[in-house]
Every structure is written in C-alpha cells, then in structure tokens.
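Coordinate inspection notes
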Amino acid sequence: MNIIVLVKQVPNTTNIKLDPKTGNLIREGLESIMNPDDLHALEAAVKIKDKTGGKVIAVSMGPPQAVDVLTQAMGMGADKAFLLSDRAFSGADTWATSYTLSKGIEKIKDYDLIICGHQAIDGDTAQIGPQVADWLDIAQATYVNDIESVDENEIVVKRRLEHGFERVACKMPVLLTVISELNEPRYPHMGQLISACEQKAPIKVWNAADIGVKTIEVGLEGSNTHVIKTFTPNFKRQNELLEGSNKEVVSDLIDRLKKSDTTIAYRL
C-alpha cells in the first residue's frame with residue numbers, strides 16, 4: 001500500500017508578530033515548524049505501512065526551505081519526498097494550493113491512501129484536504145480520530161462529531177484528514193535524519209512545468225480569493241449597570257442592541 005502524506009511548513013504561531021503599518025505577518029527571524037496536525041498524519045501513515053507494507057511518500061508545497069519539513073518526514077519514516085516549489089506558486093489561496101497539490105499527486109500516480117492534517121495553524125481553513133480530494137475525484141473522510149481497520153481495498157475510520165462519532169467505511173483510494181487525538185507522533189530517527197540531510201534520501205523538487213500546470217492556474221494568479229488586509233482587532237470594553245426590573249432592563253437592552261453597531265454582553 002502506497003500512502004501520500006501532505007505536510008506543510010508553517011510559522012511557529014506562539015511567537016507571531018504583525019507589522020503595525022501593513023498588517024502583514026513578520027516572517028523575519030520567525031521559527032518555522034511542521035504543521036502540528038501533519039505530524040499525526042505522518043504517524044498514522046507510518047503505522048499503516050508497518051502493518052501492511054508499501055511506502056510512505058511525503059509531499060509539500062512551499063519555498064525551497066520547506067525541504068526541512070520533508071527531511072523531518074523522512075526522519076519519521078517516509079520513504080520518499082517531493083517538494084512543489086516555484087515562484088509561480090506563491091500567494092496561492094486554498095483553491096490554487098489544493099489544485100497544485102493535486103497535480104503533483106497525479107504525477108506521482110501510484111497511491112492508495114492520502115492522509116493530511118485536519119488544518120494548518122497559519123490559515124486554520126481546514127479546506128486543503130477536502131479540496132484535494134475533490135480535484136482528484138476520490139472519497140474523503142474528515143475529522144478522523146481513529147483508524148479501526150485498513151487493507152488494500154477498504155479503510156474503516158471513526159470521525160469525531162460534536163456529540164459523538166461516526167464510523168465510516170471507504171473504498172480505496174481515499175483521502176483522510178486527521179486530528180490530534182488520533183495518535184502520539186514519534187520522534188524522528190537520527191539515522192534517517194542524517195541520511196535525508198546528506199541528500200542520500202530521494203527528496204525531489206518539482207516546479208510548475210514538472211507537474212504540467214500553467215502559471216495562470218496557480219499561485220496568486222490562479223487564486224479566487226485575495227487578502228486585502230490583515231489586522232488585530234482592537235477590543236474596547238466599557239461596563240455599565242442597567243437598573244430597574246427585569247422587564248425594564250430587558251426592554252432597555254433591546255433598544256440599545258438595535259441602535260448599536262458594537263457587541264454588548266449582558267447577564268441577568
């Protein structure tokens with residue numbers, strides 16, 4: 001069984017800073033890490049490989065330095081890695097990103113299962129996995145917190161719901177998005193890390209031409225959405241005690257809500 005895992009290099013959001021003038025993320029000096037949910041996707045893939053055999057292939061889209069997360073993936077047990085990197089890919093929204101990833105996967109061809117983290121901590125959209133499945137026209141299961149069984153024809157998983165779970169059986173090929181409750185990721189193996197760092201491991205870099213896409217279809221040009229401005233909301237709080245009977249206070253509050261364009265919190 002061949003398993004593709006989508007991984008992403010993201011800024012460590014515990015130390016995130018925004019430019020006060022432009023509202024853009026200040027990336028200089030900001031530590032980059034593998035997206036936390038993707039660690040759980042990798043762990044799930046390696047565990048399945050250990051049981052069924054086959055290969056784990058890590059795929060990422062990003063700038064050249066994103067090879068670091070692929071090196072980490074190799075250290076955790078991935079057998080191959082591919083980096084989709086081209087200036088034409090920059091500025092992509094989820095539509096263009098998922099399209100680019102799907103074209104890279106189509107070039108790899110031989111896969112039974114795709115696993116990715118539920119969402120990335122820099123965008124928090126949770127859209128990439130489902131969109132990739134849609135581009136590839138394959139089944140998908142999201143919010144996976146348990147993999148009950150898997151073979152070359154079918155996988156049975158549990159999806160976390162708000163008040164319980166849903167058991168789903170999917171025919172291969174299928175894409176899963178997983179959450180952190182699924183497993184505990186292993187630490188990279190030192191020998192495998194050294195092999196990847198010494199470029200003995202097969203980490204390949206593909207550009208737009210390699211995966212057969214036009215520059216107008218990817219990156220900023222191929223995006224359907226554009227970020228105009230990013231900013232931190234300025235919250236101001238002002239407390240005021242409303243007096244009178246409950247009926248009078250509720251009537252006063254309703255009048256204030258109708259006239260106000262701000263959020264009012266009230267407790268009886």
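What you see is a predicted model; the values in this text were computed from it and never measured. (Residues numbered from 1 in each chain as written. Predicted model: local features only at pLDDT ≥ 70, side-chain atom pairs only at ≥ 80, totals over all residues. Heavy atoms only, no water.)

Across the sheet, 9 strands lie side by side as E9-E8-E7-E10-E6-E1-E4-E5-E11; this open sheet has mixed pairing. Either end of the sheet is taken by a strand with one partner, and the two such strands are strand E9 (164-171) and strand E11 (203-206). Averaged over all adjacent pairs, the angle separating strand axes in this sheet is 35°, with direction ignored. Bridging between strand E7 (residues 139-150) and strand E10 (residues 174-178) involves 4 bridges; their strand directions are parallel. Looking across to E10, one finds that Val144 is bridged to Val178. Helix H3 (residues 94-108) rests against strand E1 (2-6), strand E4 (55-61), strand E5 (80-84), strand E6 (113-117) and E11 of the sheet, and its axis sits at about 145° to E4. Packed onto the sheet, helix H4 (residues 128-136) meets E1, E6, E7 and E10 and runs at close to 175° relative to E10. (Pairing = 2+ DSSP bridges. Helix = DSSP H or I, 4+ residues; strand = E, 2+ residues; numbered from the N terminus. Axes fitted to C-alpha atoms, helices over the stretch in contact; angles between N-to-C directions. Contact = heavy atoms within 4.5 Å.)

Bringing the packing of H3 against H4 into the picture now. In contact at an axis separation of 8 Å, H3 and H4 are set at 55° when each is read in the N-to-C sense. As summarised for this structure, H3 and H4 are arranged oblique, according to the angle between their axes. Once H3 is placed against H4, the crossing between them reads as right-handed. Residues Thr94, Trp95, Thr97, Ser98, Tyr99, Leu101, Ser102, Ile105 and Glu106 of H3 pack against Ile128, Gln131, Val132, Trp135 and Leu136 of H4. (Parallel < 35°, antiparallel > 145°, perpendicular 65-115°, else oblique. Left-handed = near helix turned anticlockwise from the far one by under 90°.)

The step from Met172 to Pro173 runs through a cis peptide bond, and the omega angle for that step is -5°. Turning to its location among the elements, Pro173 is positioned in the loop between E9 and E10. Even without glycine at this site, Ala126 takes up a positive phi of about 60°. You can see Ala126 is positioned in the loop between E6 and H4. The class for Ala126 is partly exposed, based on a relative accessible area of 22%. Here the phi dihedral of Tyr143 falls at roughly 55°; this positive angle occurs in a residue that is not glycine. (Buried < 20%, exposed > 50% of the residue type's maximum accessible area, 1.4 Å probe, protein only.)

Right, let's get into the nonpolar core. Residues Ile3, Val5, Leu113, Ile115, Ile155 and Leu176 are the most contacted members of the largest nonpolar core, which totals 34 residues. Filtering out sequence-adjacent residues up to four positions away, Ile3 remains in contact with Ala45, Ile48, Lys49, Lys55, Val56, Ile57, Leu113 and Ile115. Core analysis: the second largest hydrophobic core is formed by 26 residues, Leu84, Ile138, Ile211 and Val213 among them. (Core = buried A, V, L, I, M, F, W, Y, C linked by side-chain atoms within 4.5 Å.)

Take the pairing of strand E8 (residues 154-161) next. Every regular strand shows the same layout, with side chains that alternate between the two sheet faces. In this structure, E7 lies alongside E8, joined through 5 bridges in antiparallel fashion. Bridging from a neighbouring strand, Val144 pairs with Arg159 of E8. Adjacent in sequence and paired antiparallel, E7 and E8 are bridged by 3 residues. One ladder, built from 8 bridges, connects E8 with E9; its direction is antiparallel. Across the sheet, Ile155 pairs through a bridge with Cys170, a residue of E9. As consecutive antiparallel partners, E8 and E9 are separated by 2 residues.

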